Amino acid sequence: QVQLVESGGGLVQAGGSLRLSCAATGTIFTINAMGWYRQAPGKQRELVAAISRGGSPNYADSVKDRFTIYRYNAENTVYLQMNSLKPEDTAVYYCNAQGRSKWNAPTFDRWGQGTQVTVSS
């Protein structure tokens, strides 16, 4: 069973930085897309950033030029470097990964447990 373990959330002042980490554990053959989503109170979960296995990133307009997503395929990890944080970035951040546990297994789609990011003004 593939699991995602996140870390790195916390409380930071506006303008500060945080780095989120996510590690996939278990039996893994390959991980294709990895990404970070967030959900603020009373709002739907939204995509923050995603990255393909080849390293091509995709960002929500609201975080472009402030956040950077990167991954290490050999370690099955993905990171989100968040700079110039704003109070509106406050949310629970979730890691997501899609891949296969074996070459002939169906694709899995896993979520982490979520990590709280709070940005004070």
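In the block above lies the structure referred to throughout.
Residue indices begin from 1 for each chain and proceed along its sequence in written order. This being a predicted model, a pLDDT of at least 70 is required before a residue's local features are given, and a value of 80 or more before pairs of side-chain atoms are given or counted; all residues contribute to the totals for chains, interfaces and linings. Hydrogens and water are ignored here; the side-chain numbers use all heavy atoms of the structure.

Asker: Which residues make up the overall build of the protein, and what values go with them?
Answerer: Within the protein one finds 0 helices and 11 strands. For the protein, the N- to C-terminal ordering of α and β elements is β-β-β-β-β-β-β-β-β-β-β. For 121 residues, the compact-globule estimate of 2.2 N^0.38 gives 14 Å, and the C-alpha radius of gyration of the protein, at 14 Å, lies within 12% of that figure. If one aligns the C-alpha atoms of the protein with their principal axes, the spans along those axes are about 50 × 25 × 20 Å. Residue-level accessible areas treat just the shown protein chains as cover; the underlying method is Shrake-Rupley with a 1.4 Å probe. Accessible surface computed for the protein: about 6500 Å², of which carbon and sulfur atoms make up 47%. Averaging the coordinates of the 12 positive side-chain charges in the protein and doing the same for the 8 negative ones gives two points 7 Å apart. Under the DSSP-based scheme used, a helix requires at least four consecutive residues in state H or I and a strand at least two consecutive residues in state E, with every element numbered from the N terminus. Here the globule rule is a power law, 2.2 Å times the number of residues to the power 0.38, and the radius of gyration is based on C-alpha atoms. Here Asp and Glu are counted as negative and Lys and Arg as positive; His is not counted, and neither are the chain ends. By convention, the point assigned to a charge is CZ for Arg, NZ for Lys, CD for Glu and CG for Asp.

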